[in-house]
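# Architecture at a glance
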Amino acid sequence: QLAHFHFWRPFCIFQGLLQEMLLCRAFPFRVPAFRVRTLPKFGRVRMATAAAQTDEEFRATNQSAFLVGATGETGKHILEELTNRKIFQTVTLIGRREVQYEGEKYQSILQKVVDFDNLDDHAEAFKDHDVGFICLGARAGNTGVTSNLPALRKVDHDYVVKSAELAKSGGCRHLVLLSAMRASKDASNPYSKIKGEVEEEVKAMGFDRLSIFQPAVIMVKRTDETRVGEWFLKKALAPVAFFFPTALTVPIATLARAMVNSALTTKENSVDVLNNKAIHNLGGKD
């Protein structure tokens, strides 16, 4: 019954976004109706400059970070951002397998191979990190993982929540979590519901600081584009992304930059939820 859920998911998202715009009686440049803390209105350029100015100061604090999901599209861009800017003394990649990286900028990278079905056996990998980035999620179109709802929940909920639990018990103070637009534990859409449940469970863990990112459609060029639904959605939203860049889409590089920049920003709230417009503000490039 759920075998083709992920094939149709992009169409459902597109339909939901259109319904939301109609309900708000607005064009796409309106911010979605859920309440989040938005950033000041001084624009993307100034925010990007402010974040860049703090790189050297942050680097001097000698903090360490871990990244779960480094082989995914968002994780790859976060890793590039971290290795290019070198703001952490060490970055530990936690994943199923070791990945070969070439280049001097990867010298500070450590890798921990874990079994996500038995993460308690790998608690050591999550210890003694100041900041954690979790962008783990099942890739739509992968056979066996996203072909049914239980498998989706296992990756997008169980693995993520357990990783966050181990990070908290291991001393992580700031967790940066990738979620999704329209995430809600009360959502009727299974994907949005799972994301919303994860958010609520991680909030209850009591991190000193939790940054939750809720991007809209992430725009990324893939070399192995075989997902018809995702391809159609991106093509349909291309004009919107051009004329109203913060409305319904976000470039993956902007998302990754915003997630890294969140580690450098001054703490204002213990929990920050950033919607798509806030992500553009924080990840804007100077």
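Just above, that's the structure.
This structure is a prediction, so every number in the text was calculated from the model and none was measured.

What counts, and at which threshold
- The numbers attached to residues start from 1 for each chain and follow its sequence in the written order.
- Since the coordinates come from a predicted model, pLDDT governs what is reported: local features require at least 70, and pairs of side-chain atoms require 80 or more to be given and counted, while whole-chain, interface and lining totals use all residues.
- As a rule here, side-chain values cover all heavy atoms of the structure and leave hydrogens and water aside.
- In this text, buried Ala, Val, Leu, Ile, Met, Phe, Trp, Tyr and Cys residues form a nonpolar core when linked through side-chain atoms within 4.5 Å.
- Exposure categories follow from relative accessible area, calculated using a 1.4 Å probe and restricted to protein chains: below 20% of the type maximum is buried, above 50% is exposed, and the middle band is partly exposed.
- Only heavy atoms enter the contact rule, under which two residues are in contact if any of them lie within 4.5 Å.
- Put simply, a salt bridge is a Lys or Arg side-chain nitrogen that is within 4 Å of an Asp or Glu carboxyl oxygen.
- For Phe, Tyr and Trp, where Trp contributes only its six-membered ring, two rings pair if their centres lie within 6.5 Å, and the inter-plane angle classes them as stacked under 30 degrees, edge-to-face over 60, or tilted in between.
- Under the DSSP-based scheme used, a helix requires at least four consecutive residues in state H or I and a strand at least two consecutive residues in state E, with every element numbered from the N terminus.
- An expected span of 1.5 Å times one less than the residue number is assigned to each helix.

### Re the nonpolar core
Among the nonpolar cores identified, the biggest contains 32 residues, and Phe66, Phe126, Ile134 and Val202 are the most heavily contacted of them. The residues contacting Phe66, other than those within four sequence positions of it, are Thr92, Ile94, Phe126, His129, Val131, Gly132, Phe133, Ile134, Ala167, Cys172 and Leu175. With 31 residues, the next largest nonpolar core counts Val91, Leu93, Ala256 and Ala278 among its residues.

### Points about the pattern of salt bridges
Going through the model one piece at a time under the given rule, you end up with 14 salt bridges. Notably, a salt bridge pairs Lys127 with Glu124, separated by 3.6 Å at the nearest N-O pair. The class for Lys127 is partly exposed, based on a relative accessible area of 40%. On the accessibility criterion, Glu124 (57% relative accessible area) is exposed.

### Digging into the packing of aromatic side chains
Aromatic ring pairs are described here by two measures, namely the spacing of the ring centres and the angle between the planes. The tally for this structure, following the rule as stated, stands at five aromatic pairs. Linked through ring pairs, Phe58, Phe88 and Phe133 together constitute an aromatic cluster.

### Some details on helix H8 (residues 252-261)
The buried fraction of H8 is high, at nine of 10 residues. Those residues of H8 lying buried are Ile252, Thr254, Leu255, Ala256, Arg257, Ala258, Met259, Val260 and Asn261.

### Comments concerning helix H4 (residues 73-85)
The terminal C-alpha atoms of H4, which comprises 13 residues, lie 19 Å apart, in line with the 18 Å expected from a rise of 1.5 Å per residue. Among all positions of H4, only Thr74, Gly75, Ile78, Leu79, Glu81, Leu82, Thr83 and Arg85 are buried. Backbone geometry just downstream of H4 places Lys86 in the positive-phi region, at approximately 50 degrees.

None of this, on its own, says anything about what the molecule does.
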